[in-house]
Amino acid sequence: MPRSIGVLASRYLWAGVVENARLGAVRIFPEPGEPHLDLKALPIDEILAVISRQIVELAADGPIESVGAGLPGIVRCGVVEESPNLGQIKGLHVADELRARLKSDGIDVPVMALNDADAIAAGIAATHDTLDRTVRVWYLGDGIGFGRHPHTGGVWEAGHAVVTLDPRERFCGCGGVGHLEGIMGHRAMRLRFLDMEPEEIFVAARHGDARALEFRDLWHRALAAATSTCVHLDGPGRFYIAGPNAEFVDLNVLDDLLHEMVTMTPLQGSYFEIVQTSHDLALIGAAVASRLR
Ligand SMILES: [Zn+2]
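Remember, it's a predicted structure, so these values are computed and weren't measured experimentally.

### Notes on the overall build of the chain
Counting its secondary structure elements, the chain contains 9 helices and 11 strands. Each principal axis of the C-alpha distribution contributes one length, and for the chain these read about 60 × 45 × 30 Å. The burial tally for the chain puts 52% of its 293 residues in the buried class. Sequence separation of 24 or more characterises 63% of the internal contacts of the chain that already satisfy a separation of 6 or more. Counting only carbon and sulfur atoms, one obtains 52% of the accessible surface of the chain, whose full area is about 13,500 Å². Each charge class in the chain was averaged separately, 26 positive and 39 negative side chains, and the resulting centres sit 3 Å apart.

Here it is, written out as structure tokens:
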């Protein structure tokens, strides 16, 4: 069975061997037990060096056919056009540069790059045996990622969808006003509640704190609003929720809000599901996508 390698840059640098939509050996940088390292502080050259070293190590166990790299931001035609949450990779011709490095290490395979949330969507499709159906995924982390499978043209930066006209809503990592990420993003929540961590906000809401309750409502409304926009543009369907802050989501609240926002009969029938182990799914999806495209 042919093997490919999936790569992911999300808090850590990950690389994993994928065979038949199953994840085998995985490399993580920094390795567990090593001091934490902020990827934002890692120069581009070092990022590429770590990734190619991981791939070379994994390929030592048997031949590989392709590499797919999932990266945050707008990734098109092998180039990172923009990446608000990993700024130094903006402009990186990642597919070409990684391919050249691997070639000099004796591995001559096609390399493709895609948005990291698109990689999760492809991973869900591959592991749920639904490669022919539309899968959309929200990734709730420092930023808000939006992934779609199958891949289509366009930008699909739905994490930056405008969900409020309030000009005071300016906490988004990209600097834009009224964005979904400016309400839901981890970084944005810390900026809004300078005296509380996001975990504490949701605990306070459970204990009836008025300010926290109001925010929890806004947080769910924002996600329902952005999803509603996706439904009105791209049709109803499955929306998966992944990432560290998926634990804050109340699916019942979200379902009710979406029903209030989407009322036309042909657009009914969407549903939400929370997925765990999104890193594994992203590695699988990046590898599978590198074989599809
Ligand atoms: Zn934004």
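### Describing the coordination of the zinc ion
Distances from the zinc ion to its protein donors, namely His160 (ND1), Cys172 (SG), Cys174 (SG) and His179 (ND1), fall within the range 1.9 to 2.3 Å. Along the chain, the residues donating to the zinc ion are arranged with the sequence spacing H-x11-C-x1-C-x4-H. Linking His160 in the loop between strand E9 (144-149) and helix H4 (180-184) with Cys174 in the loop between E9 and H4, this pair joins segments that are 14 residues apart in sequence. Owing to a relative accessible area of 15%, His160 belongs among the buried residues under this scheme. In this structure Cys174 comes out as partly exposed when scored by relative accessible area, which is 39%.

### Focus: the nonpolar core
Ranked by size, the top nonpolar core spans 36 residues in total, and within it Trp138, Leu140, Met184, Ile201, Trp219 and Ile241 carry the most contacts. Sorting elements by how many residues they give to this core places helix H7 (residues 210-234) first, with 9 residues. Every residue in contact with Met184, bar those within four places of it in the chain, is listed here: Leu140, Ile144, Met189, Trp219, Ala222 and Leu223. In this structure, Ala9, Val17, Phe29 and Val94 belong to the second largest nonpolar core, which totals 33 residues.

### Quick look at the side chain of Ser278
Locating Ser278 in the fold gives a position in helix H9 (residues 278-292). The class for Ser278 is buried, based on a relative accessible area of 9%.

### Remarks on the packing of aromatic side chains
The full count for this structure, using the stated rule, is 8 aromatic pairs. With centroids separated by 4.2 Å and ring planes inclined at 5 degrees, the aromatic side chains of Phe202 and Phe248 adopt a geometry described as stacked. Placement of Phe202 in helix H6 (residues 198-206) and of Phe248 in the loop between strand E10 (238-242) and helix H8 (251-261) is noted, with a sequence separation of 46 residues between them. The same class applies to Phe202 and to Phe248, which are both buried. Each residue in the set Trp138, Phe146 and Trp156 is aromatic and connected to the rest through ring pairs, giving one cluster.

### Notes on the pattern of salt bridges
A complete count under the given rule lists 14 salt bridges for this structure. In this structure, Glu81 engages Arg76 in a salt bridge whose closest nitrogen and oxygen atoms are separated by 2.9 Å. One salt bridge in this structure joins Glu169 and Arg192, with 2.7 Å as the shortest N-O distance. A residue pair is termed long-range when its members are at least 10 positions apart, and Glu169 in the loop between E9 and H4 and Arg192 in helix H5 (residues 186-192) qualify at 23 residues.

### Some thoughts on H9
Here H9 is 15 residues long and its end C-alpha atoms lie 20 Å apart, about the 21 Å a rise of 1.5 Å per residue gives. For H9, the buried fraction is high: 11 of the 15 residues fall into the buried class. Every buried residue of H9 is listed here: Ser278, Leu281, Ala282, Leu283, Ile284, Gly285, Ala286, Ala287, Val288, Ala289 and Ser290.

### A word on the environment of Ile241
Along the chain, Ile241 turns up in strand E10. We classify Ile241 as buried; its relative accessible area is 0%. For the pair Ile241 and Ile107, spaced 134 residues apart in sequence, the C-alpha separation works out to 35 Å. Those residues in contact with Ile241 that sit more than four places away from it in its chain are Trp138, Leu140, Leu223, Ala246, Val249, Leu251, Leu254, Phe272, Glu273, Ile274 and Val275.

### Some details on the packing of helix H1 (residues 44-59) against helix H2 (residues 94-104)
Packing of H1 against H2 brings their axes to within 10 Å, and their N-to-C directions diverge by 55 degrees. Between H1 and H2, the angle is such that the two are oblique. Here the hand of the crossing between H1 and H2 comes out right-handed. Contacts between H1 and H2 involve Asp45, Leu48, Ala49, Ile51, Ser52, Ile55 and Val56 from the former and Val94, Glu97, Leu98, Arg101 and Leu102 from the latter. Residues that form the contact of H1 with H2 fall into these classes: 8 nonpolar, 1 polar and 3 charged.

### Quick word on the sheet that holds E10
Sheet architecture is open: 4 strands sit in the order E9-E8-E10-E11, paired in mixed fashion. The open sheet is flanked by E9 and strand E11 (271-274), the only strands paired with a single partner. Direction aside, neighbouring strands of the sheet carry axes that sit 25 degrees apart on average. Pairing between strand E8 (residues 135-140) and E10: 5 bridges, direction parallel. By the bridge assignment for E10, Val137 is matched with Tyr240. Packed on one face of the sheet, helix H3 (residues 116-127) meets E8, E9 and E10 and runs near 45 degrees to E9. Where H8 meets the sheet, it contacts E10 and E11, and its direction lies at approximately 160 degrees from that of E11.

Rules used throughout
Residues numbered from 1 in each chain as written. Predicted model: local features only at pLDDT ≥ 70, side-chain atom pairs only at ≥ 80, totals over all residues. Heavy atoms only, no water. Helix = DSSP H or I, 4+ residues; strand = E, 2+ residues; numbered from the N terminus. Buried < 20%, exposed > 50% of the residue type's maximum accessible area, 1.4 Å probe, protein only. Contact = heavy atoms within 4.5 Å. Areas by Shrake-Rupley, 256 points an atom, 1.4 Å probe, with all protein chains shown as cover. Lys, Arg positive; Asp, Glu negative; His and termini not counted. Charge placed at Lys NZ, Arg CZ, Asp CG, Glu CD. Donors = N, O, S within 2.8 Å, 3.2 Å for Na, K, Ca; no water. Core = buried A, V, L, I, M, F, W, Y, C linked by side-chain atoms within 4.5 Å. Phe/Tyr/Trp six-rings, centres within 6.5 Å; stacked < 30°, edge-to-face > 60°. Salt bridge = Lys/Arg side-chain N within 4 Å of Asp/Glu carboxyl O. Expected span 1.5 Å × (residues − 1). Axes fitted to C-alpha atoms, helices over the stretch in contact; angles between N-to-C directions. Parallel < 35°, antiparallel > 145°, perpendicular 65-115°, else oblique. Left-handed = near helix turned anticlockwise from the far one by under 90°. Nonpolar A, V, L, I, M, F, W, Y, C, P; charged D, E, K, R; others polar. Pairing = 2+ DSSP bridges.

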